[in-house]
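The residues making up each chain are set out below.
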Amino acid sequence: MVFAAPGEALARAEELLGADPSPLHASVAHQVIGIWQRDFGDTRRALAHLRRARELAARADSAEREADVLATLGVALVHAGRTRDGLAAFEQGVARGTGHTRARVLYRRAYVWWVLGRHGEALEDVRRAVPVLRQADDVIWTARALTLRATVHLALGAVDRADADFTAAEALWDTTGQEHDKADAVESRGLAAFRSGDVPAALRLLDEAEERYAKLGTPTFMLTIRRCEVLMAAGLATEALAEADGAIAALDGIGGQSTRKAELLLVAARAARLAGDAQTSLARAALAVRLFAGQRRTWYETHARLVLLEARVATGRASGRLVADAAAVAERLAAFGAPAAPEASLLAGRIALGLGWTADAERHLAVAARSRHGGPPLARMTGWAAQALRARAAGSARGVLEACRRGLDVLDDHRMTLGASELRARATAQGAELAALAQRASLVSGGPRRLLVWSERWRATVLSAPPTRPPADPVLLTTMTAFRELAARADEARTDGGRPAPALEREQRRLEREIRSRTLHMRGEGPGDGGRFDVGRLLDRLGDDLRLVELAVLDGRVHVLLCGQGRVRRFEAGLLAEAEREAEHVQAGLRRLAHPGGEARLPLVEAAGARLQELLLGPAAAHLGNGPVVVVPPGRLHRVPWTLLPALRERVLSVSPSASSWLRAKETAPPPGGRQVLVRGPGLASGGAEVPELADRYGAVPLTRPGGEGPAGGATGVPDVPAGARADAVPADGRVTSVLEGDEARVPRVLRELDGAALAHIAAHGTFRADSPLFSSLRMADGPLIVHDFERLDRSPYRIILSCCDTARFASVGADELLGLVTALLPLGTAGVVACSAPVNDAAVVPLMLALHKGLDAGLSLAEALRDARAALPDDAVHRATGWAFSAFGAA
């Protein structure tokens, strides 16, 4: 009962002790309280109760009772960091018990061997225990022993054996009422899914286990450790670090198990290293090493030493001593049969290469490279990275490129098992080293064309296939509706009172976590299109007039790949770090220019644009020709207002996350019928004044501002109709135009109208969420329209115009991926987007949008119409800054 209903078991045990029980029964009660304190409370109190339980068992003259208590005491002592005393208690327990009781003692000692990382001894004790437990028809303890054996197999990388034991254990659990152990079985299946490379299934099962534990009131420190491992594999290292640190604080707060604290510190150290926080990784790993050493847990201590060495290398340290230490760690891990051994060999080889120790590097890298032929995807990636480094050391560019290709193919297959676009994007970070190695090798040996191919090989890969459509999950749909309603209430509270509403915002964050969690559970539906980037096809599409400028970054310097007129040329430009700083200065200038009185900043902003051109285009600026230009920047330069660069200012200009993405957009056919949708959200300073005028132009009944405040924008001369009206018009050219505003501009209705439209124009408040980019939103009448909503569309509009601030902002994640509203639309059928990367003056947006639609009516592309619309604006600072802030994405 202490596992199935812990609170009730504790109450019953305390009640029993208050009734003056016999020594035998009192021993059981103290043991139950000791287990509860060990797992849910204070370890010191647990030890006191368990020692009392043993004394009472001795008084009752029950050797079997004493043996059982000694086993529980042994587990508690080991968790308290007193390994020698714990093992001594087990020796006595094994000696005192017989038959069935001894088998239970052996099972618990096997658990302790697993905690200590001594897997051979664990398997031996389980081997001795299982037949006896089965013979006694002890279903619960047999299932526990099989679950433990499966967990040990997983630690040794034997996934198939683990699956067999988990399956057998689960069949037994189905016949019992042990809810805690059933939750543990779900958690174990999550671990097995993770070890086999199925990250979405692992996240789903661990979340299910957490829900089960929550109903029992069970602490979940072990579950946190496993969840953090999965989060790190999914590229969510920052989240893993936050969860691990939170669990450490909670464990310290209750005086919990020292063993769990050490394991959490190890997880936190790994997460900090993957998140790029080397100093935090050093601190956590050093403390973990000390705790593991004191607990005599050599397996875990060795893993912690590996992370400690990786953190030291990340801080810039490199020495012969580090090579020797990494090699020693690799040998010990290999002796343990630990799957992490190749990582240590790779680390030793990498340090040796940096020191110029070619022979030593080859020896260590050859060992690491063996893992490329088998095991989980990330283990094979380690092997291919080692093989690529071996080839580079040997001077074989061909060998480097082949190893990088094979390694990235492994990661491609892994990425496509992930349904969530966020996970696909973040997973690419694991291929960043291979992509960089290939780019360097192609720069040296293959010329500009090969460099372009490798630049494309790992750029914006999340756009290579549509994301998995969220399932028709009623819980997810209900949660998203609740989130939208709550967000609208919180926004209304802030607007009315000028202050945030903490309770609403806390519930909003909870719903966000639930939506995101369910989204991350989605599995990929299959491989991508399988096509490789074809330079010849790109050049054919570009023809003689169009130029595509792809910016590749190698070792911190920008390389310009200029494509057009049947060839690819390479130019060197400036340093990426300097360009990023200049881009931030430009953004600050545009924000100031969005308000009257900032005219004095205009020359400074224009001068910054000239500096950006030198840093980003360099000598390539003189070779752009006179025709349209497509810019393909790296993710870290997504906020550059490209039309501010002098060489691009008067051009037809579009931006694309990759050349492949531009090609797909170019070859995307518009939907039949030419249906248009105009949407006006609430609360805009201009009232979305362009929407009623556009409705009038397209033949729809004009609309007023929400609330019936007269003609939208106050100066358009558009007659009033009741607020919330909607109109469908069929003008002479046959196009149907739908207009949604007021109560009609609600998310479900807006999504229905957007699905499959030829053109959508949305005037609404835009909010970019750097902390959670897929919750970036457009404000509708019933709350935010978020990126997750757009991913439910069968086909997003062929062209979309977003006449609001911050809609072209992205989060740069993974190797070179962007998460945001625009990048969510492009894989779903949208061929062109106009969006804004900075705050703008709402009133100045209106004439820009009207001029843009005028160009579209004349048959121009979005990029052509945007160029002409800028030229038609008044020549003052506010309007010029507004024009620069908008960009055309794609090729429509």
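Computed from a predicted model, the values in this text were never measured in an experiment.

**Student:** Would you explain the overall build of the chain in this entry?
**Tutor:** The helix and strand tally for the chain stands at 37 helices and 17 strands. Taken over the C-alpha trace, the chain has a radius of gyration of 32 Å; the compact-globule value for 892 residues is 29 Å, and the two agree within 12%. Here the chain holds 892 residues, and the buried ones make up 58% of them. Taking the contacts inside the chain whose residues are at least 6 apart along the sequence as the reference set, 69% of them involve residues at least 24 apart. With the model as given, the accessible surface of the chain reaches about 34,100 Å², and the carbon-plus-sulfur share is 50%. A distance of 5 Å separates the average location of the 112 positive side-chain charges in the chain from that of its 106 negative side-chain charges.

**Student:** Any chance you could explain the side chain of Ser 656 here in plain terms?
**Tutor:** Inspection of the secondary structure puts Ser 656 in the loop between strand E5 (653–655) and helix H30 (659–666). A distance of 3.3 Å separates a polar atom in the side chain of Ser 656 from the backbone nitrogen of Trp 662. Each residue touching Ser 656, except ones within four places of it in the same chain, is listed here: Val 630, Val 631, Val 632, Pro 633, Ser 661 and Trp 662.

**Student:** Teacher, can you tell me more about the packing of aromatic side chains here?
**Tutor:** To describe a pair of aromatic rings, you give the distance between the ring centres and the angle between the ring planes. The full count for this structure, using the stated rule, is 5 aromatic pairs. Judged by centre distance (5.9 Å) and plane angle (45°), the rings of Tyr 111 and Trp 114 are tilted. Residue Tyr 111 and its partner Trp 114 are located together in helix H6 (residues 99–116), separated by 3 residues, close to a single helical turn. With respect to burial, Tyr 111 and Trp 114 carry one shared label: buried. Ring plane angle 20° and centroid distance 5.4 Å describe the contact between Phe 292 and Tyr 300, whose orientation is recorded as stacked. The exposure class of Tyr 300 is buried, given its relative accessible area of 14%.

**Student:** In this structure, what is going on with empty space enclosed by the protein? I would like to understand it.
**Tutor:** Regions of empty space are outlined by a rolling probe, equal in size to a water molecule, passed over the atoms. According to the stated counting rule, one finds 7 cavities of 30 Å³ or more in the structure shown. Counted as a void, the largest cavity has a volume near 110 Å³. Lining the largest cavity are 15 residues; nearest its centre among them are Pro 633, His 638, Val 655, Phe 810 and Phe 889. Residues of the lining of the largest cavity, tallied by class, amount to 11 nonpolar, 4 polar and no charged.

**Student:** Quick question: what am I supposed to make of the packing of helix H23 (residues 432–445) against helix H24 (residues 447–457) here?
**Tutor:** Helix packing geometry: the angle between the two helix axes and the distance between the axes. Viewed as axis vectors pointing N to C, H23 and H24 meet at an angle of 170°, and their least axial separation amounts to 7 Å. On the basis of the axis angle, H23 is roughly antiparallel to H24. Here H23 contributes Ala 438, Gln 439, Ser 442, Leu 443 and Ser 445 to the contact with H24, which in turn contributes Gly 447, Arg 450, Leu 451, Trp 454 and Ser 455. Residue classes in the contact of H23 with H24 are distributed as 4 nonpolar, 5 polar and 1 charged.

**Student:** When you look at the nonpolar core in this model, what are you seeing that I'm missing?
**Tutor:** Nonpolar side chains in soluble globular proteins generally cluster together in the buried interior. Counting 132 residues, the largest nonpolar core has Val 112, Trp 114, Leu 148, Leu 333, Cys 404 and Leu 423 as its most contacted members. At 11 residues, H6 tops the list of elements feeding residues into this core. Setting aside chain neighbours within four positions, we find Trp 114 in contact with His 119, Ala 122, Leu 148, Thr 151, Val 152, Met 222, Arg 226 and Tyr 300. Core analysis: the next-biggest nonpolar cluster, separate from the first, contains 109 residues, Leu 551, Phe 571, Leu 793 and Ala 881 among them.

**Student:** Looking at this model, I keep getting lost on the sheet that holds strand E12 (residues 783–786). Mind explaining?
**Tutor:** Hydrogen bonds between backbone groups are what pair the strands of a sheet, and the pairing can be parallel or antiparallel. Strand order across the open sheet formed by 3 strands is E10-E11-E12, with antiparallel pairing between neighbours. Because the sheet does not close on itself, it has two edges, and the strands there are strand E10 (766–767) and E12. Note that strand E11 (residues 777–780) and E12 share 4 bridges and pair antiparallel. Looking across to E12, one finds that Met 780 is bridged to Gly 783. Packed onto the sheet, helix H32 (residues 747–754) meets E11 and E12 and runs at close to 30° relative to E12.

**Student:** Explain helix H19 (residues 358–369) to me, please; I cannot follow it from the model alone.
**Tutor:** Since one α-helical turn is 3.6 residues long, residues separated by three or four positions face the same way. The terminal C-alpha atoms of H19 lie 16 Å apart, and with 12 residues this matches the ideal 16 Å at 1.5 Å per residue to within 8%. Every buried residue belonging to H19 is among Ala 361, His 364, Leu 365, Ala 368 and Ala 369, and all of these are buried. Down the axis, H19 shows its buried residues gathered within 140° of arc, on one side only. Summarising the contacts, the buried residues of H19 are in contact with helix H17 (320–336), helix H18 (341–354) and helix H20 (377–393).

**Student:** Can you help me understand helix H28 (residues 576–593) in this one?
**Tutor:** Between its first and last C-alpha, H28 extends 26 Å over 18 residues, near the 26 Å set by a 1.5 Å rise per residue. Where H28 is concerned, the buried positions are Leu 576, Ala 579, Glu 582, Ala 583, Val 586, Gln 587, Gly 589, Leu 590 and Leu 593. Down the axis of H28, the sector holding all buried residues measures 165°, keeping them to one side. Where H28 is buried, its residues meet strand E1 (547–554), strand E2 (557–564), strand E3 (567–575), helix H29 (602–616) and helix H37 (877–885).

**Student:** Which parts of the structure should I look at to understand the pattern of salt bridges?
**Tutor:** For side chains bearing opposite charge, pairing can occur when the charged atoms are close. Under the counting rule described, the total for this entry stands at 64 salt bridges. In this structure, Arg 227 engages Asp 207 in a salt bridge whose closest nitrogen and oxygen atoms are separated by 3.0 Å. Here Arg 227, found in helix H12 (residues 221–233), pairs with Asp 207, found in helix H11 (residues 199–216); they are 20 residues apart in sequence, far enough to count as distant. Looking at Arg 227, the relative accessible area reads 16%, which means it is buried. A salt bridge links Arg 867 to Asp 868, with the nearest nitrogen and oxygen atoms 2.7 Å apart.

**Student:** Would you mind showing me how to read unusual backbone geometry here?
**Tutor:** Residues other than glycine predominantly adopt negative phi, and peptide bonds predominantly adopt the trans conformation. One non-glycine residue, Asp 20, adopts positive backbone phi at about 55°. Secondary-structure assignment places Asp 20 in the loop between helix H1 (6–17) and helix H2 (23–40). The phi torsion at Asp 555 lies on the positive side, around 50°, for a residue other than glycine. For Asp 555, the location among the structural elements is in the loop between E1 and E2. Classification of Asp 555 as exposed rests on a relative accessible area of 60%.

**Student:** So what exactly am I meant to see when it comes to the pairing of E1 here?
**Tutor:** The side chains of a regular strand alternate between the sheet's two faces. Within E1, 7 of the 8 residues are buried, which leaves the element mostly enclosed by the surrounding structure. Across 4 bridges, E1 lies against strand E4 (residues 629–632) in parallel orientation. Along E4, the bridge assignment pairs Val 549 with Val 631. Following E1, the chain reverses through 2 residues before pairing antiparallel with E2; Asp 555 in that reversal takes a positive phi of roughly 50°.

**Student:** Looking at this structure, I do not really get the environment of Val 553. What am I missing?
**Tutor:** Among the secondary structure elements, Val 553 is positioned in strand E1. The spatial distance from the C-alpha of Val 553 to the C-alpha of Ala 436 is 8.9 Å, given a sequence separation of 117 residues.

**Student:** Would you explain the pairing of strand E13 (residues 799–802) in this entry?
**Tutor:** Side chains Arg 799 and Ile 801 of E13 all project onto a buried face; the interleaved residues Ile 800 and Leu 802 project onto the opposite face, where all are buried too. Taken together, the 4 bridges between strand E9 (residues 759–763) and E13 define a ladder with parallel strand orientation. Residue pairing in the sheet places Ile 762 in a bridge with Leu 802 of E13. In this structure, E13 lies alongside strand E16 (residues 832–836), joined through 3 bridges in parallel fashion. When the sheet's bridge partners are listed, Ile 801 is paired in E16 with Val 834.

**Student:** Would you mind going over the confidence of the model for the chain with me for this structure?
**Tutor:** Do not read the fine detail of predicted coordinates wherever pLDDT is low. On average, the chain scores 88 in pLDDT, and the residues at 70 or more come to 93%. Confidence drops under pLDDT 50 across residues 701–727; counting only partners more than four residues distant or on other chains, this segment forms 67 contacts.

What counts and how
Residues numbered from 1 in each chain as written. Predicted model: local features only at pLDDT ≥ 70, side-chain atom pairs only at ≥ 80, totals over all residues. Heavy atoms only, no water. Helix = DSSP H or I, 4+ residues; strand = E, 2+ residues; numbered from the N terminus. Rg over C-alpha atoms; globule rule 2.2 N^0.38 Å. Buried < 20%, exposed > 50% of the residue type's maximum accessible area, 1.4 Å probe, protein only. Contact = heavy atoms within 4.5 Å. Areas by Shrake-Rupley, 256 points an atom, 1.4 Å probe, with all protein chains shown as cover. Lys, Arg positive; Asp, Glu negative; His and termini not counted. Charge placed at Lys NZ, Arg CZ, Asp CG, Glu CD. Polar contact = N/O pair within 3.5 Å; in protein donor to acceptor, adjacent residues only side chain to side chain. Phe/Tyr/Trp six-rings, centres within 6.5 Å; stacked < 30°, edge-to-face > 60°. 1 Å grid on protein atoms, 1.4 Å probe; cavity = no way out; pocket = protein on both sides within 12 Å on 5 of 7 lines; lining within 4 Å. Points joined across faces, edges and corners; volume = space filled by probe spheres on them. Nonpolar A, V, L, I, M, F, W, Y, C, P; charged D, E, K, R; others polar. Axes fitted to C-alpha atoms, helices over the stretch in contact; angles between N-to-C directions. Parallel < 35°, antiparallel > 145°, perpendicular 65-115°, else oblique. Core = buried A, V, L, I, M, F, W, Y, C linked by side-chain atoms within 4.5 Å. Pairing = 2+ DSSP bridges. Expected span 1.5 Å × (residues − 1). Arc of directions from axis to C-beta. Salt bridge = Lys/Arg side-chain N within 4 Å of Asp/Glu carboxyl O. pLDDT = per-residue confidence, 0-100.

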